[in-house]
Amino acid sequence: MSNKITVFSHYFKNMKLEAAIIDTMVFPILTETDTTLPVYLTSIGHWSNQEPIDRPNGYPHFQWLQVIDGSGELHVGDQKMTVRAGQGFCLFPNEQHQYFSIQEPWDVIWMSFRGDLSDKLFKQAGITQSGVYSTADHDMIVTHMKNIYAMTQSGRAFLGLECSKLVYMFLLDLMKVILVSSHSVEQNYLKLQPVLQYIEAHYSELITIKDMAGCIDVTPQYLCLLFKKALKLRPMEYVNRERVNRSKELMFREGEIKMHEIARRVGFDSPSYFSSVFRRLEGLSPEQFKKIHGMR
């Protein structure tokens, strides 16, 4: 089957959303191979003034809609939410919903996608249900969607695969900038930079949560919350990962080094604790790690 694209109306004029845009809708014709990809595009488009939508049985695919201008109201089940310019809203498959403008023109760019990873990537971004979400970088989200649209018009070989890569990139970046409890993952990660730099500089020494919290003048409890939101790890788990990685570097650089010396130099209290942490993180012992990499 070919990778032709069915296009209704015209496409984005010069791909500049700041200018007047002609309404457009694109539905890629998907090959059997395309539909086995972890995530794949099923439609993308733009409405300069989104018309009311009422779907009692929902829509069969995941959807993301980003509001360029105006505002609207989204109903999902019994919930009613206002969607303003700069915000996006997601719709999970087969959920009853409706949306309509409350300030015109309600300028919306949208896309739908499927694939086994769709739900997981949404959840990693903190998106666990249909609803309205703000992002720390509206322009980046719009740029991603413009790039995906441009790809559908490119005539490239393996078009479904190329669009899949761009949708995957979109979802990964959405994970960084989505605002959950007023902070994005990216913002939390930036806050942690002094702590991560401290760990990198002092991994061979005793490091406490209090020491790390002092780097950014927060409480140990708040530090743990930042780590959980940004890295899905506890602070000491991150420290141990840094130490294990450093131990692997030592094994490669100094092939004859003893395990007890490695443990000491990367900040572990005892060789046995070093070995247990290494095995938990790597799935094999330090000795086995050396052996599979051809080290004695």
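Just above, that's the structure.
This structure is a prediction, so every number in the text was calculated from the model and none was measured.

1. Details of unusual backbone geometry
Note: most residues except glycine have negative phi, and most peptide bonds are trans. Residues Glu104 and Pro105 are joined by a peptide bond in cis, for which omega reads -5°. Along the polypeptide, Pro105 turns up in strand 8 (residues 97–114). Backbone geometry places Asn94, a non-glycine residue, at a positive phi of 60°. Inspection of the secondary structure puts Asn94 in the loop between strand 7 (87–91) and strand 8. Classification of Asn94 by relative accessible area gives exposed; the value is 54%. Positive phi, normally seen in glycine, also occurs at Asp217, with a value near 55°. Tracing the backbone through its elements, the reader meets Asp217 in the loop between helix 5 (209–215) and helix 6 (220–231).

2. Section: the environment of Ser118
One can find Ser118 in helix 1 (residues 118–124). Between the C-alpha atom of Ser118 and that of Val239, which follows or precedes it by 121 residues, the distance is 31 Å. Apart from residues no more than four positions distant in its own chain, Ser118 is found in contact with Pro38, Val39, Phe62 and Phe113. Side-chain polar atoms of Ser118 contact the backbone oxygen of Gly115, separated by 3.1 Å.

Cut-offs used in this document
- Residues numbered from 1 in each chain as written.
- Predicted model: local features only at pLDDT ≥ 70, side-chain atom pairs only at ≥ 80, totals over all residues.
- Heavy atoms only, no water.
- Helix = DSSP H or I, 4+ residues; strand = E, 2+ residues; numbered from the N terminus.
- Buried < 20%, exposed > 50% of the residue type's maximum accessible area, 1.4 Å probe, protein only.
- Contact = heavy atoms within 4.5 Å.
- Polar contact = N/O pair within 3.5 Å; in protein donor to acceptor, adjacent residues only side chain to side chain.

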